[in-house]
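# Coordinate inspection notes
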Amino acid sequence: MEFEITHVTHYKYGHAAAEAYGEARLKPPNLATQTVLSHRLVIDPEVPTSGYIDHFGNHVDFFSLPFRHQELYVSNQAVVRTQAVPLPASSLELPLQETRQILGSMMTDIFDYLQMTPAVQTTRESVQWAKKYLPGRIPLGEALQRLNEAIHAEFKYKPGVTENSTPLATIWKNKIGVCQDFVHVMLSILRTAGVPARYVCGYIETDPVRAPDGTTRRMVGAVATHAWIEVLVPGMIWVAIDPTNRQWINERYVAVSFGRDQRDASPLRGTFKGSGGQGMKVRVIMKRRSAKPEKVRGA
């Protein structure tokens, strides 16, 4: 599949900002599951950007506006081809206990993805869920499937009820939030159980797709950036699963950035100097390109 992606972020200040600085993690990487055909980042007011690769392998564009401005637009445009990649069955069939033993010999490579952060912490609930859904005797793939379904069933998706700063304990108490909250919950459980996992920020197809029974359904979180989980399995392979939509990742997903939690993988972050507040609006469209008709020989 090929997708055209448009992601526009509009900042508007209560009073003109004297200056602003930002980092954009918006360039999708080339992976086994996706190929970037084109990418363009536009900053308005127009300023130059400088790029670097961060600790987690994300491409980062740094920009600064050292002058007064009332508004700021960041437009990310990309064309990406995706393809399904089979899950590593032999790795997912290993018992969890054996998985931990294998990966334990590669601690320098997985250390970051076993550590708790201010957003992803060990809680009483994460310990209980790790014991219930991630016992050492069952296959890794089965455990991930059960945990993914349990989070989807127990937590309610509702935009606007949480913020980036909402503590994980509050998410556990209220069992309500958005995709990043579900991911932080799942990361906490996995890391408590000694399973290395990371946060993924990206896009999912905007338009609903017709199911075999004739119904159409839009994936949850399709009108903004989305978040899901990747788990490192033996063979040093990342496998991806989405608790918000209760499914393994398929070709309707495009990964953009990775990290230990939402802050590491945040598509945009920065600061500004000014006396007023700041409002932000985000619009994301990821539309499938129509298949090109094949040429008929001799035509």
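Relevant structure appears above.
Here is a short report on the structure shown in this document.

Parameters and conventions
- Residues numbered from 1 in each chain as written.
- Predicted model: local features only at pLDDT ≥ 70, side-chain atom pairs only at ≥ 80, totals over all residues.
- Heavy atoms only, no water.
- Patch = residues over 30% accessible without salt bridge, like charges linked within 9 Å, V, L, I, M, F, W, Y side chains within 5 Å.
- Areas by Shrake-Rupley, 256 points an atom, 1.4 Å probe, with all protein chains shown as cover.
- Salt bridge = Lys/Arg side-chain N within 4 Å of Asp/Glu carboxyl O.
- Helix = DSSP H or I, 4+ residues; strand = E, 2+ residues; numbered from the N terminus.
- Polar contact = N/O pair within 3.5 Å; in protein donor to acceptor, adjacent residues only side chain to side chain.
- Contact = heavy atoms within 4.5 Å.
- Axes fitted to C-alpha atoms, helices over the stretch in contact; angles between N-to-C directions.
- Parallel < 35°, antiparallel > 145°, perpendicular 65-115°, else oblique.
- Left-handed = near helix turned anticlockwise from the far one by under 90°.
- Nonpolar A, V, L, I, M, F, W, Y, C, P; charged D, E, K, R; others polar.
- Expected span 1.5 Å × (residues − 1).
- Buried < 20%, exposed > 50% of the residue type's maximum accessible area, 1.4 Å probe, protein only.
- Core = buried A, V, L, I, M, F, W, Y, C linked by side-chain atoms within 4.5 Å.

As a further point, take a nonpolar patch on the surface. A surface patch of nonpolar side chains, amounting to about 250 Å² of accessible area, comprises Y21, Y52 and F62. Mapped onto the secondary structure, F62 falls in strand β5 (residues 59-65).

Moving on, we come to the side chain of Q247. Positionally, Q247 belongs in strand β14 (residues 247-248). A polar atom in the side chain of Q247 sits 2.7 Å from the side chain of Y253. Residue contacts for Q247: discarding those within four places in its chain leaves N148, R217, M219, I241, D242 and Y253.

So, on to the packing of helix α4 (residues 124-133) against helix α5 (residues 140-154). Axis separation between α4 and α5 bottoms out at 10 Å; the angle between their running directions is 135°. The pairing of α4 with α5 is recorded here as oblique in orientation. At the point where α4 passes α5, the crossing takes the right-handed sense. The residues of α5 that touch α4, namely those facing W129, K132 and Y133, are A143, R146, L147, A150, I151 and E154. Across the contact of α4 with α5, the residue classes tally to 6 nonpolar, no polar and 3 charged.

Moving on to α5. Across its 15 residues, α5 extends 21 Å between first and last C-alpha, which sits within 8% of the 21 Å expected from 1.5 Å per residue. Listed in full, the buried residues belonging to α5 are L140, G141, A143, L144, L147, N148, A150 and I151.

This part takes up the nonpolar core. Soluble globular proteins tend to pack their nonpolar side chains together in the buried interior. With 38 residues, the main nonpolar core has W129, L147, I151, I189, L190, I229 and V231 as its most contacted residues. Residue assignment for this core shows that the elements contributing at least two residues are α4, α5, α6 (168-174), α7 (179-192), β9 (197-204), β12 (226-233) and β13 (237-242). A per-element tally of this core places α7 first, with 8 residues. Setting aside residues no more than four positions away along its own chain, I189 makes contact with S126, W129, A130, L134, L147, I151 and W172. Y13, L26, L65 and V74 belong to the second-largest nonpolar core, a separate cluster that totals 23 residues.

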